[in-house]
Every structure is written in C-alpha cells, then in structure tokens.
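So you can see what is in the structure, the chains are spelled out below.
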Amino acid sequence: MSKKESFGSKFGIIAAAAGSAIGLGNIYRFPCEAGANGGGAFFIVYLGIVLLMGLPLMVSEFVIGRRSGKNPVGAFHALVPGSKSWGIIGYMGVLCAFLILAFYCTVAGWTIDAVGKSIINYYHGLDKDTILTDFNNLMNESWQPILSEGIFVFITAFVIVKGVTKGIEKYSKILMPVLLGILIVLCVKSLTLPAAGKGIAFFLKPDFSKITGEVLISALGQAFFSLSLGMGALITYGSYISKKDNLTSTAFAVCISDTLIAVLAGIVIFPAAFTFGIKPEAGNELAFVTLPMLFNQMAGGYFFCLFFFLLLTIAALTSSISLLEVPVLYLTEQLNISRKKATVYSAIAVFILCVISSESLHDNTPLKLFGLNVFNALDAFTSKFLMTIGGLLTVVFIGWKMKKAHFMDEYTNGGKVNMGIRNIMYIIIKFLAPVAILIILITQFIK
Ligand code: PFF
C-alpha cells in the first residue's frame, strides 16, 4: 500500500486493524495469562482496562497516525517539529515490535508444527500425556522449531516485500469470520464436557480477593498486546485511515472483535483443560495440548483441527505483518533504505533473536535474562514495560503536548462526527487513562 493511499472502505480499515489485533495473543496468550492470574479476577480487570485504557489509547494512536500521515518515529517529529524527545516513543515502538516478533515467531512456529501434525492426523487417538510429552520434546528440540520459525519469518517478510499485504487482508476478511465460526463450534463442544461448569466458573466468576498488583499489570500488558497498542503499530494504520472515517467507531469495532475472540478462546479452553486435567496455570501447553485433545473428542475432529491451526497461523501472520511493518517503515522512511533491503535486514535480525528465544526454552538452558529464559524475558519486558510505558507516553502526548484544537479537529473529522463525546474522550485521554496506567505501573515497581 503506498503511503498516500488510504483504506478503500470502512470495513477495510477495521479488518486490517483487527487483523493486527487478532492473533496468537487472543487464542494462546490470553488463556495463559487468565489461567496464571486467577481466571475471573483477571477477566473482569481485563475488560475494564480494554474499555478505559485500550479504547482511548487506540483512538489516540489513530489520531496521531492520521494527523501526521507517518510512521511512529516520523509522526511525533511531524506533530512536534523540532522536538527530539517525543520521537523516543516511536523508537521505543520500533524496538518493541522487533522484540515481540522474536518470541511471537517462536509461538507461530509451534502453530505451524501443529498444522503439519494435523495434516498427517498425528494427534488422532493420542492421550493427554503423549501430546504433552510431544509438546515438551518440541521445546527441547533444536532444528524442528528453527525450521518452522524460519518458514513463518520468511512468509511474513515475503508478504511485505511483495506488497501483497492487501491481498492477505482481502482473504482474511473471509477467513477470520471462518475462524470465529470454528471457535463458536468449539465453544459448544467444550460446554458439553464433564468439567465445563468448573472451567467456566474459573474463567468468568471473579474472586475479587485475587486482584493483586501482578494481576493488574498482567491484564494491562495483555490488553495492550492483544489490541496491538503502545508501540506504534496502530499509528502506522492510522496514517492510512481516510479523513472521512469515524475514529471512535472504528476503534470500538476493533476492541469488540478482539475481545470477543479472546473470550471465546477462554470459553473453549478452560472447560476442556479442567476436563482433561490440565492446570489453568500450565502456560504454553494450555492451548497446544488442550486443543488437540478437544479435537480428538469431536466428530470431524480431523478437519476442525486442521482448519483451526491453519486459520490460527493466518491470524498470526496478519499480526506479524503489522509488527514487521513497524521497523520496515522506519528504515525506509527515516533512513531511506529500500523497502526490500529494510525487510530483509529486519527479518534476518528477527530470525536470529527468535532462534535464541526458542532455544532458551530447553530444559536447563543457560540462555537467561533477569532470571527468566529469553522467551519469557522478551514477553515480560515488552508487555509489562515497553508497551505500557509507550501507551502512557502516547496518551500524555495527546493530553498534554498536542494542541487541544488539533486533537479535536482530527478526532471529529473537522467537526463532523463524535461531537457529543469529544470532551469525555479528551478527559479520559488526558486524565483518567494516564493516571490509571501510572498507578498500575507504580504498584508493580513497588512490588
Ligand atoms: N495483537 C497481536 C495478537 O494479539 O496476537 C500481537 C501484536 C501485533 C502485538 C501487533 C503488537 C502489535 F503491534
């Protein structure tokens, strides 16, 4: 897509931003985080954060992107000419996208591995322990994960170099509703399993005594991760939004669809995990062992399994494209490197870090940072630190640095839309969102 072009239709921009948002974060990471942080307590905090911080931050990123028409680094420079310091948000975004990609591609590698196994009907008839052992073996292997990660990084880079992002978006407009359809069928199946009641109670019934600082920061990190916020990806998308589109309704549609997919994933996974004896705090295996077990119990399980993992790979791809686009656009626009070279350099760097991240999952690995293996360290550092600080600085920028008249002009499409809620949105962005993010960050640091 050339820079001056904008999305053809309202549905086009929603589909593209939702393509970035919906991915492994919803189906793999959300249940992991909810499971590790008390289920219902996490869920209720998560919903609050999406509404009070996620939505206003998404609007803010759209405003910055559309007003400037630039990549995250260029955007802040364009909106505050001469100021060097605000550009740091953009640089943090570029770094963040790069680090996220490294562990994201590790997980995408497992998804590709699951596609391969589904094709040969590998899971058929296997019990939980065998699937679990198999998954643990995959973590400990060297070459197989590297191969599948390599394939995933290559496809992501190929799509970006060939400029066929639009084509992918066109297909995902059809394919993502299919993923939604499969998730709904899986929900129905999961809800009929023996321990469905226990699983649903764990996931949806809040026990407020379980809300701790750790739960708050995890929910904040997960919300930003899942909505692709706090690192400039949606500033880039904002630069493509047409001047006629309503930014609030666009952001609202993206938040709703992203949250819907995460909730459905929780409804699928927790009843099944409780039924098959997988602990909710199990982590990586929660999705990658529970789901094959569930497919094994279903009529037509072979096809559900295959299509599900295939669509999950495509969902991961539309997210990884939006991630890789951040460093690529930075290198092309700010450093004048050709798009092809920028993509190749970025992809090679991502692949190297991705290999380190997946090798760090071996038992007894020496590859550790701050006491965590590199995979977990990258995840925690980006979601609990870089994205939250990035998000905080972005709302502070809109509330305290950008001229209010400029925000209002952009937000209301020159006085044509959102007139009724413009002041409420501004107050949330200026006061409520930054204070809430700050409180959560401080709670975490005190701990
Ligand atoms: N939101 C994506 C997911 O949930 O899988 C991951 C992601 C994409 C995070 C793009 C950040 C981003 F900029």
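To keep things clear, this report deals only with the structure shown in the data block.

## Remarks on the overall build of the chain
Phase 1 of the analysis: Per the secondary structure count, the chain includes 18 helices and 2 strands.
Phase 2 of the analysis: In terms of overall size, the chain behaves like a compact globule, its C-alpha atoms giving a radius of gyration of 21 Å where 447 residues would be expected to give roughly 22 Å.
Phase 3 of the analysis: With the principal axes as the frame, the chain shows a C-alpha extent of 60 × 50 × 45 Å.
Phase 4 of the analysis: The buried share of the chain, taken over its 447 residues, is 60%.
Phase 5 of the analysis: Look at the contacts in the chain between residues 6 or more apart in sequence, and 82% of them connect residues 24 or more apart.
Phase 6 of the analysis: When the accessible area of the chain is evaluated, it comes to approximately 17300 Å², of which 69% is carbon and sulfur surface.
Phase 7 of the analysis: For the chain, the distance from the average site of its 33 positive side-chain charges to the average site of its 23 negative ones is 13 Å.

## What to know about the packing of aromatic side chains
Phase 1 of the analysis: Under the defined criterion, the tally for this structure stands at 31 aromatic pairs.
Phase 2 of the analysis: Considering the side-chain rings of Y104 and F225, the 6.1 Å spacing of their centres and the 45° angle between planes classify their relative orientation as tilted. Of this pair, Y104 sits in helix α5 (residues 87-119) while F225 sits in helix α10 (residues 213-226), and the two are 121 residues apart along the sequence.
Phase 3 of the analysis: Accessibility expressed as a relative area gives 4% for Y104, which makes it buried.
Phase 4 of the analysis: Through a chain of ring-to-ring contacts, the aromatic side chains of Y28, F103, Y104, W110, F135, F225, F288, F295, F308, F309 and F375 assemble into a single cluster.
Phase 5 of the analysis: Cation over ring: K117 sits above Y122, and NZ or CZ is 5.4 Å from the ring centre.
Phase 6 of the analysis: It is K430 that lies over the ring of W400; its NZ or CZ is 4.1 Å from the centre.

## Brief notes about the site of the ligand
Phase 1 of the analysis: For the ligand, the set of nearby residues contains 16 residues, the closest of which are A21, G25, Y104, F225 and M231.
Phase 2 of the analysis: Backbone polar atom of S226 to a nitrogen atom of the ligand: 3.0 Å apart, as the coordinates give it.
Phase 3 of the analysis: The side chain of S228 places a nitrogen or oxygen atom 3.1 Å from a nitrogen atom of the ligand.
Phase 4 of the analysis: Here the ligand has 340 Å² of accessible area as a free molecule, and 100% of this is covered by the chains.

## Let's talk about the nonpolar core
Phase 1 of the analysis: Ranked by size, the top nonpolar core spans 154 residues in total, and within it W110, F308 and F309 carry the most contacts.
Phase 2 of the analysis: Excluding residues that lie within four positions of it along the chain, W110 makes contacts with Y28, F135, L138, M139, N284, F288, L361 and F375.

## A few points about the packing of helix α7 (residues 143-162) against helix α15 (residues 339-359)
Phase 1 of the analysis: As a packed pair, α7 and α15 sit with axes 10 Å apart at the nearest point and diverge in direction by 160°. Between α7 and α15, the angle is such that the two are roughly antiparallel. In this structure, the crossing between α7 and α15 has a hand that is right-handed. In this structure, α7 contributes P145, I146, E149, G150, V153, A157, I160 and V161 to the contact, and α15 contributes R339, K340, T343, A347, V350, F351, C354, V355, S358 and E359.
Phase 2 of the analysis: Broken down by class, the residue content of the contact of α7 with α15 amounts to 11 nonpolar, 3 polar and 4 charged.

About the cut-offs
Numbers given for residues are sequential positions, taken from 1 along each chain in its written order. Two thresholds apply to this predicted model, a pLDDT of at least 70 for residue-level local features and 80 or more for giving and counting side-chain atom pairs, whereas whole-chain, interface and lining totals are computed over all residues. Just so you know, side-chain values use all the structure's heavy atoms and leave hydrogens and water out. Starting at the N terminus, helices and strands are each numbered in turn, a helix being any DSSP run of H or I of at least four residues and a strand any DSSP run of E of at least two. Within these notes, the globule rule equals 2.2 Å times the number of residues to the 0.38 power, and the radius of gyration is based on C-alpha atoms. A 1.4 Å probe rolled over the protein chains alone gives each residue an accessible area, and that area as a share of the maximum for its type sets the label: buried under 20%, exposed over 50%, partly exposed in between. We call two residues in contact when some of their heavy atoms are within 4.5 Å. Accessible areas in this description were obtained via Shrake-Rupley with a 1.4 Å probe; residue shielding takes into account the shown protein chains only. Lys and Arg are tallied as positive, Asp and Glu as negative. Neither His nor the chain termini are counted. In plain terms, the charge of a residue is placed at NZ if it is Lys, CZ if Arg, CG if Asp and CD if Glu. Stacked, edge-to-face and tilted are the three classes for Phe, Tyr and Trp ring pairs, Trp counted by its six-membered ring, which pair at centre distances within 6.5 Å; planes under 30 degrees apart are stacked, over 60 edge-to-face, the rest tilted. Comment: the charge-over-ring label is applied if NZ (Lys) or CZ (Arg) is within 6 Å of the ring centre and within 35 degrees of the ring normal. Nearness is judged by heavy atoms alone; a residue qualifies as near a molecule or strand once a single heavy atom is within 4 Å of it. Nitrogen and oxygen atoms within 3.5 Å of one another constitute a polar contact, given that in protein one can donate a hydrogen and the other can accept it, and given that sequence-neighbouring residues count only through two side-chain atoms. Nonpolar cores were defined as sets of buried Ala, Val, Leu, Ile, Met, Phe, Trp, Tyr and Cys residues, with membership established by side-chain atoms within 4.5 Å. Lines fitted to C-alpha atoms define the axes here, with helix axes fitted over just the stretch in contact, and angles between the N-to-C directions of these axes take values from 0 to 180 degrees. Orientation categories follow fixed angle ranges, with anything under 35 degrees roughly parallel, anything over 145 roughly antiparallel, 65 to 115 roughly perpendicular, and all other angles oblique. Note on convention: near helix rotated counterclockwise from far helix by under a right angle means a left-handed crossing. Clockwise means right-handed. Under this grouping Gly is polar, as are all residues other than the nonpolar Ala, Val, Leu, Ile, Met, Phe, Trp, Tyr, Cys and Pro and the charged Asp, Glu, Lys and Arg.

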